[in-house]
Amino acid sequence: MTTTEKIYDPDWRDRFFQRWHGIDVEGILPVEAIASADLAASSRGTFYQPIPIRFLKRILKSARATGVPFRNFVDMGCGKGKACLFMARSGAFRRVIGVDISSRLLGVARDNRAHIGSVVPIDFVEADAQTYQLPDGPTLVFLFNPFDAVALSRFIANNLAHFRKTGSIIAYGFDIERDVLAEHGFYPLWRDDKKRLSFHAIQ
Ligand SMILES: C[S@@+](CC[C@H](N)C(=O)[O-])C[C@H]1O[C@@H](n2cnc3c(N)ncnc32)[C@H](O)[C@@H]1O
C-alpha cells in the first residue's frame with residue numbers, strides 16, 4: 001500500500017454516515033499530505049483511506065461473538081477517526097482511543113468528534129504506534145493496514161505483555177502483514193479471505 005490505490009470501495013452506507021453526522025471521514029490522502037514531523041515513522045506508514053462501514057459492522061459483530069468483555073477500542077492509525085466514531089456509538093466499549101502520527105488528520109478527527117453524539121469518551125492521541133503502550137484492560141485493537149511489517153513488529157513486541165495479560169484481540173483489515181502476528185505468537189480466530197479481514201488472539 002505504498003501508492004494511493006483504493007483497497008475497498010465505499011458505498012451508500014459510508015456516504016450516509018458522513019452526511020448524517022456532518023463529518024469529514026472519506027477521501028484518500030497520500031503519505032506526503034499526512035506526514036508527521038517524524039519522517040522516519042511516516043516512511044513506514046501507509047496513505048489515508050477510511051475503512052468502509054460494512055467492515056466496521058462485521059468487526060463489531062465478531063467482537064461481540066468472541067465473548068471477551070472488551071473495555072477499550074483502539075484504532076492504531078485512526079486517521080480522521082471513522083472507526084472510533086462508529087465504535088463509540090455502538091455501546092460495546094467503555095473507552096475509545098484513536099492513535100495517529102499525523103497531526104493534520106487528528107485535527108480533522110477532533111472536529112468530527114465534536115459532531116458525534118457519544119456517551120463514551122473518545123481520545124485522539126498523537127503518537128507513533130511503534131512506541132505506544134496500549135491501555136489497561138481487554139481491548140479490541142484495530143489495524144487497517146496502517147504501516148509496514150517492521151513498524152507492526154515493533155508495536156506488537158512493545159505490547160506483548162499487555163496481550164498476554166488481558167487477552168486483547170487484534171482486528172486486522174487488509175491484513176497483508178499478518179505473518180508478523182504469527183511470528184509473535186498470535187493465531188487467527190478467523191479470516192475472511194475475500195475481505196482480507198481477520199481476527200487474531202495471542203496463544
Ligand atoms: C489506511 S489509514 C487507516 C485509517 C483508519 N484506521 C480507518 O480505518 O478509517 C492508515 C493510518 O495510519 C497512520 N499511521 C501510519 N504510520 C503510523 C504510525 N507509525 N503510528 C501511528 N499511526 C500511523 C496514517 O497516518 C494513516 O492515518
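The paragraphs below set out a description of the structure included in this document. The shown structure was predicted, so the numbers you read here are calculated from the model rather than taken from an experiment. (Residues numbered from 1 in each chain as written. Predicted model: local features only at pLDDT ≥ 70, side-chain atom pairs only at ≥ 80, totals over all residues. Heavy atoms only, no water.)

**What to know about the site of the ligand**
In the neighbourhood of the ligand, 23 residues make up the surrounding shell, with D75, G77, D100, D128 and A129 lying closest. Here an oxygen atom of the ligand and a backbone polar atom of I51 are 3.2 Å apart. In this structure, a nitrogen atom belonging to the ligand sits 2.9 Å away from a side-chain N or O atom of D128. Taken by itself the ligand offers 610 Å² of open surface, and the protein chains cover 99% of this. When atom positions are compared with the pocket grids, the ligand is found to occupy the largest cavity. Considering only residue class, the shell around the ligand consists of 15 nonpolar, 5 polar and 3 charged. (Near = heavy atom within 4 Å. Polar contact = N/O pair within 3.5 Å; in protein donor to acceptor, adjacent residues only side chain to side chain. Areas by Shrake-Rupley, 256 points an atom, 1.4 Å probe, with all protein chains shown as cover. 1 Å grid on protein atoms, 1.4 Å probe; cavity = no way out; pocket = protein on both sides within 12 Å on 5 of 7 lines; lining within 4 Å. Sits in = over half its atoms within 2 Å of the grid points. Nonpolar A, V, L, I, M, F, W, Y, C, P; charged D, E, K, R; others polar.)

**Quick notes on the sheet that holds strand 2 (residues 95-100)**
Here 7 strands make up an open sheet; going across it, the order is 3-2-1-4-5-7-6 and the pairing mixed. This sheet does not close on itself; its edge strands, each paired only once, are strand 3 (122-126) and strand 6 (186-192). Geometrically, the sheet is characterised by an average inter-axis angle of 20 degrees between neighbouring strands, direction not taken into account. Against the sheet, helix 4 (residues 53-66) contacts strand 4 (139-144), strand 5 (169-173), strand 6 and strand 7 (197-202), and its axis sits at roughly 30 degrees relative to strand 7. Sheet contacts for helix 7 (residues 149-158): strand 1 (72-76), strand 4, strand 5 and strand 6; angle to strand 4, the most-contacted strand, approximately 170 degrees. (Pairing = 2+ DSSP bridges. Helix = DSSP H or I, 4+ residues; strand = E, 2+ residues; numbered from the N terminus. Axes fitted to C-alpha atoms, helices over the stretch in contact; angles between N-to-C directions. Contact = heavy atoms within 4.5 Å.)

**What to know about unusual backbone geometry**
Its identity as a non-glycine residue notwithstanding, F174 has a phi of 50 degrees, on the positive side. By the secondary structure assignment, F174 is in the loop between strand 5 and helix 9 (178-183). On the basis of relative accessible area, F174 is assigned to the buried category, the value being 11%. In the Ramachandran plot, R196 falls in the positive-phi region, its phi being about 55 degrees despite a non-glycine side chain. Mapped onto the elements, R196 comes out in the loop between strand 6 and strand 7. In this structure R196 comes out as partly exposed when scored by relative accessible area, which is 32%. (Buried < 20%, exposed > 50% of the residue type's maximum accessible area, 1.4 Å probe, protein only.)

Honestly, it's all geometry; don't read function into it.
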